[in-house]
Structure formats: structure tokens, C-alpha cells
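Summary of the model geometry
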Amino acid sequence: MADREQTIEVYQSYFAVARQLKKLAHQSAADLGLTVHQIGILNFLLQHPGQTQKEVTERLVFNKSRVSLHIDALALKGLVTRTVSELDRRETMLYLTTEGEMLCKRYNEEAWSHKVLGEALAPFKEDELRQLIHMNKQLLTHLNS
């Protein structure tokens, strides 16, 4: 079991890493004229096309009114389309446009947060990276239980 000092040191290190990655992610999104939340929505729809706004809100744990504003902005930019569900006419399904898919993929390839993290991870050996990923997943599991 980690002692109090180690716990604080781990906490501070995760917080510092997250803060730096968040800063880089915000800049990368802004370079494309988007917000980090909009990029999150695009990435989610890239992986799960045809989701409803409610499903996006629940999955991404965003404020419902904010998701609506982000989706409106994405639709206005021609990155997302809304289609009425054939099964339930009250539901609107969300899909990426071709431009939205290209922009999302471009962000994922060019984002500074991804590049900088990749460079920072470069000195680690393959087994160290697998262990880091495994430990982070275990830690997240314990934090969520």
C-alpha cells in the first residue's frame, strides 16, 4: 500500500501530466477552429455513427445544454448532420459528414497533445509502455469502484 507521501506524489504527477495534455489538446482543437468538446463529439461519432444527442451526452458526460450547442456549431460548420430516426420519429441520429470525418482524422493525426505524448513515450521500451497502460487501466478501475 502506498504511503501518504507517495499517494500525493502520484496524484500531483497525474494532475501535472493531465494539465499539460489538456493545454496541448485545447490548442490543437483551436488550430482547427474547434473546441476540445467538439473534437470529443466528432471522435465519438467517428467510432459510433448514428448516435442520438442523448447518447452522446451520456457517453461523454457533458452538460446536456452544452452538447446541444456544440452539435449546433458542428452542424453549422458542415461537420455533423442530423437525421430523423426511422424507428422513432422523435429521435435524431447524428452522423459525421465527409468533411467532419476528415477533420476528425486530421486532428487525431496532427494533434500536438498526441505528438508531444508520443515523443515523451519514445524512450520507453515496449514492455514498459504495456505495463504503464495496464497499471493506468487498473488504477482507473479501482478509482471507479
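Let me sum up the structure you'll find in this document. These numbers were taken from a predicted model, which means no experiment stands behind them.

Considering the packing of helix 3 (residues 53-60) against helix 4 (residues 64-76)
Running from N to C, helix 3 and helix 4 cross one another at 120°; their axes reach a closest spacing of 10 Å. Relative to helix 4, the element helix 3 lies oblique. Two packed elements cross with a definite hand, and for helix 3 against helix 4 that hand is right-handed. Note on element contacts: helix 4 touches helix 3 through Lys64, Val67, Ser68 and Ile71, opposite Gln53, Val56 and Thr57. Here the residues of the contact of helix 3 with helix 4 are counted per class, giving three nonpolar, three polar and one charged.

Some details on the pattern of salt bridges
With the rule as written, the count across this model stands at five salt bridges. As a salt-bridge pair, Arg82 and Asp72 come within 2.4 Å of each other at their nearest N and O atoms. With Arg82 in strand 2 (residues 80-84) and Asp72 in helix 4, the pair connects residues that are 10 residues apart, well separated along the chain. Taking relative accessible area as the criterion, Asp72 reaches 36% and is therefore assigned partly exposed. A salt bridge links Glu110 to Arg106; the shortest N-O distance between them is 3.2 Å. Note that Glu110 and Arg106 are positioned in helix 5 (residues 98-110) at a spacing of four residues, about one turn of the helix. Glu110 sits in the partly exposed class, given a relative accessible area of 40%.

Observations regarding the packing of aromatic side chains
One pass over the structure, following the stated rule, counts one aromatic pair. Here the aromatic rings of Tyr11 and Phe15 are separated by 6.0 Å at their centres, their planes lie at 15°, and the arrangement is stacked. In this pair, Tyr11 and Phe15 are both assigned in helix 1 (residues 4-31), four residues apart and thus about one turn of the helix distant. Residue Tyr11 is classed as exposed on the basis of its relative accessible area, which comes to 55%.

Things to note about the packing of helix 2 (residues 36-47) against helix 4
Between helix 2 and helix 4, the least distance of the axes is 10 Å, while the angle of their chain directions is 75°. With respect to their mutual orientation, helix 2 and helix 4 come out roughly perpendicular. On the side of helix 2, the interface is formed by His37, Gln38, Ile41 and Leu42, while helix 4 contributes His70, Ile71, Ala73 and Leu74. Grouping the constituent residues of the contact of helix 2 with helix 4 by class yields five nonpolar, three polar and no charged.

Procedures and definitions
- Each chain carries its own residue numbering, running from 1 in the written order of its sequence.
- Reporting in this predicted model follows two pLDDT cut-offs: at least 70 for local features of residues, and 80 or more for side-chain atom pairs to be given and counted; totals over whole chains, interfaces and linings ignore these cut-offs and use all residues.
- Here the side-chain values reflect all heavy atoms present in the structure, with hydrogen atoms and water set aside.
- Axis definition: a line fitted to C-alpha atoms, over the contacting stretch in the case of helices. Angles run 0 to 180 degrees between N-to-C directions.
- Under the DSSP-based scheme used, a helix requires at least four consecutive residues in state H or I and a strand at least two consecutive residues in state E, with every element numbered from the N terminus.
- An angle below 35 degrees is read as roughly parallel, one above 145 as roughly antiparallel, one from 65 to 115 as roughly perpendicular, and any other as oblique.
- The handedness criterion is simple: a crossing whose near helix is rotated anticlockwise from the far helix by less than a right angle is left-handed, and one whose near helix is rotated clockwise is right-handed.
- Residues count as neighbours in contact if any of their non-hydrogen atoms are within 4.5 Å of one another.
- Note on residue categories: nonpolar means Ala, Val, Leu, Ile, Met, Phe, Trp, Tyr, Cys or Pro, charged means Asp, Glu, Lys or Arg, and polar means any other residue, Gly included.
- Whenever a carboxyl oxygen of Asp or Glu lies within 4 Å of a side-chain nitrogen of Lys or Arg, that contact is scored as a salt bridge.
- Three labels apply to residues, based on accessible area from a 1.4 Å probe with only protein chains included: buried if under 20% of the type maximum, exposed if over 50%, partly exposed otherwise in between.
- Planes of paired rings set the category: under 30 degrees apart is stacked, over 60 is edge-to-face and the rest tilted, where pairs are Phe, Tyr or Trp rings (Trp by its six-membered ring) whose centres lie within 6.5 Å.

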